[in-house]
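# Fold and contact review
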Amino acid sequence: MEEKTVILKNGFILNEVKPIEHGFIVIRGERIVSTGSGEPDRTGDETIDVKGLVVSPGFIDMHTHGIMDVDFMESDIPKLHKGFEGYARFGVTRVVGSTLSNPLDSIIAQAVRIGEAKQSSPFGDILHGVHVEGPWLAPRCRGGHALKYLKHPEKDDVKRLLDQTGGIIKSVTFAPELDNSVWLTEQLCARGIVPVLGHTEASYEEAEKVIHAGARHVTHMYDTTMGYRENPDEALVMMPGMETAVLYYDEVSIELIGCPVHVPKPFFRFIAKIKPRDKRVIVTDSLSGTGMPENTVLTDKDGRQVYVKEGVLRMIDEDPKVNGNLTGSAVTMNVALRRLAEYAELPLAEAVRWGSINPAVTLGLDHETGSIKTGKLADIIVMDDTFDIKLTMVKGNIIYNQGGKA
Ligand SMILES: [Zn+2]
Ligand SMILES: [Zn+2]
């Protein structure tokens, strides 16, 4: 079959090197075949005029638990299919679905299910794979993870998880102070899985050991990560913790949740200033209430209820001390990036990098996606300059069109 040629013209093209005003982009089949300024250099089967709009690389959300009532830990295959589509509405062209701390057998079964959902969905290309977040986390820094499931990474468990999930696992978050963490890092690296520090109160030295072994990313920095602590042997002497190590080593990328409740605004500016340009990542860490109307109430399998309020989820509980407490993020990727641009005072093209080429580099996908460059996959979105998404294209296929003509 002849490959279809689609042209987007008259847009502000966020080309990998430098944005092009009044530019065009030519897509043949699943790849970008040319970009330039002015009139397109050829005719296509379909030409879309995107006058006044921004043509951006699609967003890559490398840490999200769910969206629009879909939950990567709980949902069955038909629901997961719905979820893939849900992300496209917010400009996401690759997603790494995060599991939560649970019995290991449940995590293995769900990772396999997510792999099957990818294979059987017409939107399966949007799923890159699975991020395993827990059970190898520090109890004191567990955040929303259930204490009863947390444990050290036993070697048999690690082997079982990696051997029985068919390559769908792409990243694993763990606390470096737990037993076997250096060994775990080596096992992950050997399989091309990204080892990620997170939910941890590790010392500088403990963090450094896993960085030397190959750990290269931090899960939601400043949420459930410890900065430094007082030396127990000497009052007022401070000991550096993992945060100092991951800021010191340029090789380690850092993710921030694009939410001012989880990450107070100065942190965005700080990371923008001190981390190398391709090591700054924005994620949503979103839960299943994301993308749903304000005040929607959701009930989990244990009967606990939460409601959606201004981009976060809060608890419903008879105990007034618990009622209204923060339980997680409900931000979408486009809103997260809009906030980043505002909080860190970044130009649009620079903010977009945190949600496109930078996560692509961390995940080892940057040779194929993450930027607009001739030869790369056509994972492209069209939006206005406030990050309102008009169109989402994955591998050259339009899978969301706000105008309804997809
Ligand atoms: Zn977490
Ligand atoms: Zn998470």
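Residues numbered from 1 in each chain as written. Chains lettered and ligands numbered in written order. Predicted model: local features only at pLDDT ≥ 70, side-chain atom pairs only at ≥ 80, totals over all residues.

### Some details on the sheet that holds strand β20 (residues 312–316)
- Strand order in the open sheet formed by four strands is β18-β19-β20-β21, and the pairing between neighbours is antiparallel. Of all strands in the sheet, those bounded by a partner on one side alone are β18 (297–299) and β21 (326–329). Each strand axis lies, on average, 30° off the axis of its neighbour in the sheet, ignoring direction. (Pairing = 2+ DSSP bridges. Helix = DSSP H or I, 4+ residues; strand = E, 2+ residues; numbered from the N terminus. Axes fitted to C-alpha atoms, helices over the stretch in contact; angles between N-to-C directions.)

### As for the domain arrangement of the chain
- Each assigned domain of the chain is listed with its residue range as follows: domain 1 (5–56 + 375–401) and domain 2 (58–363).
- Taking only C-alpha atoms, the centre of domain 1 and the centre of domain 2 are 30 Å apart.
- Facing the 17 residues of domain 1 at the interface are 17 residues of domain 2.
- Mapped onto the side of domain 1 that touches domain 2, the elements with two or more residues apiece are β5 (54–57), β22 (380–383), β23 (389–394) and β24 (397–401).
- Residues belonging to the side of domain 1 that touches domain 2 are distributed by class as follows: 11 nonpolar, three polar and three charged. (Domains from an automatic or database assignment. Contact = placed C-beta atoms within 7 Å. Nonpolar A, V, L, I, M, F, W, Y, C, P; charged D, E, K, R; others polar.)

### Describing the nonpolar core
- Membership of the largest hydrophobic core comes to 114 residues, with the highest contact counts inside it found for Ile25, Val55, Ile126, Leu337 and Leu340.
- With seven residues, helix α8 (residues 333–343) is the single largest residue contributor to this core.
- Of the residues that make up this core, three or more belong to each of domain 1 (5–56 + 375–401) and domain 2 (58–363).
- Ile126 has contacts with Phe84, Tyr87, Ala88, Val92, Thr93, Arg94, Val95 and Val394, leaving out every residue within four places of it along the chain. (Core = buried A, V, L, I, M, F, W, Y, C linked by C-beta atoms within 7 Å. Buried ≥ 20, exposed ≤ 12 C-beta atoms within 10 Å, placed from the backbone.)

### Things to note about the pairing of strand β9 (residues 92–99)
- The buried count for β9 comes to eight of eight residues, which makes it a mostly enclosed element.
- Judged from the four bridges that link them, strand β6 (residues 59–64) and β9 form a sheet pairing that is parallel. Across the sheet, Ile60 pairs through a bridge with Arg94, a residue of β9.
- Each parallel crossover has a hand, and for β9 linked through helix α2 (residues 104–120) to strand β10 (residues 127–133) it is right-handed. (Right-handed = clockwise from strand over helix to strand, strands pointing away.)

### A few points about the sheet that holds β10
- Pairing is parallel across the open sheet formed by eight strands, whose spatial order is β6-β9-β10-β11-β12-β13-β16-β17. Looking at strand neighbours, the two that pair on one side only are β6 and β17 (280–283), the edges of this open sheet.

### Concerning the environment of Asp379
- With respect to the helices, strands and loops of the structure, Asp379 is situated in the loop between α10 (357–363) and β22.
- Of the residues examined, Asp379 has 30 C-beta atoms within 10 Å and is grouped as buried.
- Counting along the chain gives 286 residues from Asp379 to Thr93, while the straight-line C-alpha distance between them is 6.1 Å.
- Asp379 has contacts with Pro57, Gly58, Thr93, Arg94, Thr369, Met393, Val394 and Lys395, leaving out every residue within four places of it along the chain.

### Quick word on the environment of Met242
- As for its position among the elements, Met242 is in helix α6 (residues 242–248).
- With 30 C-beta atoms packed within 10 Å, Met242 lands in the buried category.
- In this structure the C-alpha to C-alpha distance between Met242 and Tyr87, which are 155 residues apart in sequence, comes to 32 Å.
- Those residues in contact with Met242 that sit more than four places away from it in its chain are Pro176, Leu197, Thr200, Ala202, Tyr204, Ala207, Thr225 and Met226.

### Let's talk about unusual backbone geometry
- Here the residue pair Gly134 and Pro135 is connected by a cis peptide bond, since its omega of 25° sits within 30 degrees of zero.
- With respect to the helices, strands and loops of the structure, Pro135 is situated in the loop between β10 and α3 (155–163).
- In this structure, Asp69 is a non-glycine residue whose phi angle is positive, near 70°.
- In this fold, Asp69 is placed in the loop between β7 (66–67) and β8 (70–71).
- Among the residues examined, Asp69 registers 17 C-beta atoms within 10 Å and is labelled partly exposed.
- Of note, Asn295 is a non-glycine position whose phi angle comes to about 75°, a positive value.
- Within the secondary structure, Asn295 sits in the loop between β17 and β18.
- Judged by local crowding, Asn295 falls into the exposed class, with 8 C-beta atoms found within 10 Å.

### A short note on helix α5 (residues 204–213)
- All of the buried residues along α5 are Glu206, Ala207, Glu208, Val210 and Ile211.
- Of the surrounding elements, those touching the buried residues of α5 are α4 (181–190), β12 (194–197) and α6.
- Count one or two residues on from α5 and you reach Gly214, which has phi positive near 130°.

### Side note on the pairing of β20
- Note that strand β19 (residues 305–309) and β20 share five bridges and pair antiparallel. The residue of β20 that forms the bridge with Val306 is Met315.
- Linking two consecutive strands that pair antiparallel, namely β19 and β20, is a turn of two residues; a positive phi of about 45° is found at Glu310 within it.

### Details of the packing of α2 against α3
- Relative to each other, α2 and α3 sit at 15°, their axes nearing to 9 Å. It follows that α2 is roughly parallel to α3 by the angle criterion. Two packed elements cross with a definite hand, and for α2 against α3 that hand is right-handed. Of the residues in α3, those touching α2 at Leu104, Ile107 and Ile108 are Asp157, Arg160 and Leu161. (Parallel < 35°, antiparallel > 145°, perpendicular 65-115°, else oblique. Left-handed = near helix turned anticlockwise from the far one by under 90°.)

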